[in-house]
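# Coordinate analysis (summary)
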Amino acid sequence: MQALINWVYNADWAILNFIEEHMHSGVCDAIFKNITHLGDGGILWIIVAIALMLFRRTRYIGIAVAVSLALNSIICLGILKPAFARLRPFMLDSGIDLILHAPTDFSFPSGHTASSFSAAVTLLLYNRKYGVLALIVAALIAFSRLYLMVHFPSDVIAGIALGILTGAAAFIVTKKLEAFILRRSQKRGADGEKRRKI
């Protein structure tokens, strides 16, 4: 087990060092700094959820996205981050110059990545077209966390896995809720029809 942990640790730093040495530029700094802010507090996905809930046709999709974000927040921020208490790359290497405000919470798993993939997977399960677009945005947000040196690759991979699980769970829960409400509505309609005939 220790050998695996050491391998992951070395791979994490190797990937981050490669990104820093070969991919950084002034233009990319500006692009990824702005992209990463889309995931701050899940704000982009919260806006998407609210917008979808405003319309009857997409209301349950919006509810599902909101449920996925809530599940993700509980598991990622409330349980996993405090449990693992992993320090971020810039906290371990004083030579890293951040170009954004330094996050103060723990590193594992990546909250930006987890919330983004949670919402994107939920959208994908409801609508393939919009889901694919959301996944592209989620992937860019996830990569931005590596580019900006605020997460290790293993943090991001764990965030993707958590996002997939919470997104799928939210879809299942919301589909069951939708079916339950539909059955109740049909039953009320049938009961009303019987009373009218009597």
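Owing to the predicted nature of the structure, the values given are computational and were not obtained by experimental measurement. (Residues numbered from 1 in each chain as written. Predicted model: local features only at pLDDT ≥ 70, side-chain atom pairs only at ≥ 80, totals over all residues. Heavy atoms only, no water.)

Of note, Leu-177 is situated in helix α8 (residues 153-197). Remark: the alpha-carbon pair of Leu-177 and Lys-129, spanning 48 residues in sequence, is separated by 24 Å. (Helix = DSSP H or I, 4+ residues; strand = E, 2+ residues; numbered from the N terminus.)

This paragraph deals with the side chain of Ser-144. Inspection of the secondary structure assignment puts Ser-144 in helix α7 (residues 128-147). Polar side-chain contacts of Ser-144 include one of 2.9 Å to the side chain of Thr-36. (Polar contact = N/O pair within 3.5 Å; in protein donor to acceptor, adjacent residues only side chain to side chain.)

This next bit is on the packing of aromatic side chains. Here the distance between the centres and the angle between the planes together describe a pair of aromatic rings. Applying the stated rule across the entire model yields six aromatic pairs. In textbook terms, an aromatic cluster arises when at least three aromatic residues are bridged by ring pairs, as seen for Phe-32, Phe-143 and Tyr-147. (Phe/Tyr/Trp six-rings, centres within 6.5 Å; stacked < 30°, edge-to-face > 60°.)

Bringing the pattern of salt bridges into the picture now. According to the stated counting rule, one finds four salt bridges in the structure shown. The partner of Asp-12 in a salt bridge is Arg-86, and the shortest N-O contact between them spans 2.9 Å. Of the two residues, Asp-12 sits in helix α1 (residues 2-22) while Arg-86 sits in the loop between α4 (59-84) and α5 (89-92), which places them 74 residues apart along the sequence. Here Asp-12 falls in the buried class, since its relative accessible area comes to 3%. A salt bridge links Lys-81 to Asp-105; its shortest N-O distance comes to 3.8 Å. Here the residue Lys-81 occupies a position in helix α4, and Asp-105 occupies one in the loop between α5 and α6 (111-126), the gap between them amounting to 24 residues. A relative accessible area of 4% means that Lys-81 is categorised as buried. Here the salt bridges do not stand alone but share partners, grouping Asp-12, Arg-86 and Asp-155 into one network. (Salt bridge = Lys/Arg side-chain N within 4 Å of Asp/Glu carboxyl O. Buried < 20%, exposed > 50% of the residue type's maximum accessible area, 1.4 Å probe, protein only.)

In this model, α1 (21 residues) spans 30 Å end to end at C-alpha, consistent with the 30 Å of a helix rising 1.5 Å per residue. Along α1, the residues classified as buried are Asp-12, Trp-13, Leu-16 and Ile-19. Along the axis of α1, the buried residues cluster in a sector spanning 125°; they form a single face. Pointing more than 90 degrees away from the buried face of α1 are the exposed residues Ala-3, Leu-4, Trp-7, Glu-21 and His-22. (Expected span 1.5 Å × (residues − 1). Arc of directions from axis to C-beta.)

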